[in-house]
Amino acid sequence: MERARIGILRPRWACRECGNTLTEEVPFRAPGQRITLLLLAFVCDLLALG
């Protein structure tokens, strides 16, 4: 079975004052997960079916 991958560009910025790097968040990612909101809902529906 092959894995599906989603490639996205996430702009990064470096603060000139403190040197910290900031990365733009992915709006369709499930909070605290490495999956999309749609996939999370699908898995929850499958689990509800037993």
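Rules and cut-offs
- Residues numbered from 1 in each chain as written.
- Predicted model: local features only at pLDDT ≥ 70, side-chain atom pairs only at ≥ 80, totals over all residues.
- Heavy atoms only, no water.
- Patch = residues over 30% accessible without salt bridge, like charges linked within 9 Å, V, L, I, M, F, W, Y side chains within 5 Å.
- Areas by Shrake-Rupley, 256 points an atom, 1.4 Å probe, with all protein chains shown as cover.
- Salt bridge = Lys/Arg side-chain N within 4 Å of Asp/Glu carboxyl O.
- Helix = DSSP H or I, 4+ residues; strand = E, 2+ residues; numbered from the N terminus.
- Buried < 20%, exposed > 50% of the residue type's maximum accessible area, 1.4 Å probe, protein only.
- Contact = heavy atoms within 4.5 Å.
- Expected span 1.5 Å × (residues − 1).
- pLDDT = per-residue confidence, 0-100.

> Where do I start with a nonpolar patch on the surface in this structure?
A cluster of nonpolar side chains, Leu39, Phe42, Val43, Leu46, Leu47 and Leu49, forms an exposed patch at the surface whose accessible area comes to about 620 Å². Secondary-structure assignment places Phe42 in helix H1 (residues 37-49).

> It is not clear to me how the environment of Ala30 should be interpreted in this structure. Could you clarify?
Within the secondary structure, Ala30 is located in the loop between strand E2 (21-23) and H1. With relative accessibility at 0%, the residue Ala30 sits in the buried group. Remark: the alpha-carbon pair of Ala30 and Glu17, spanning 13 residues in sequence, is separated by 31 Å. In this structure Ala30 touches Ile35, Thr36, Leu37 and Leu40, once residues within four positions along its chain are discounted.

> Whenever I open this one, H1 confuses me. Can you help?
Since the α-helix packs 3.6 residues into each turn, any two residues three or four apart lie on the same face. Taking 1.5 Å per residue, 13 residues should reach 18 Å; H1 reaches 19 Å between its end C-alpha atoms and fits that length. Positive phi shows up at Gly50, right after H1, with a value of about 95°.

> So what exactly am I meant to see when it comes to the confidence of the model for the protein here?
Caution is warranted with low-pLDDT regions, since their predicted coordinates should not be read in detail. Residues at a pLDDT of 70 or more form 100% of the protein, whose mean pLDDT is 89. Within the protein, the lowest mean pLDDT, 92, falls on E2, and the highest, 94, falls on H1.

> Could you clarify how one ought to interpret the environment of Arg34 in this entry?
Topologically, Arg34 is positioned in the loop between E2 and H1. We classify Arg34 as exposed; its relative accessible area is 85%. Remark: the alpha-carbon pair of Arg34 and Thr21, spanning 13 residues in sequence, is separated by 20 Å.

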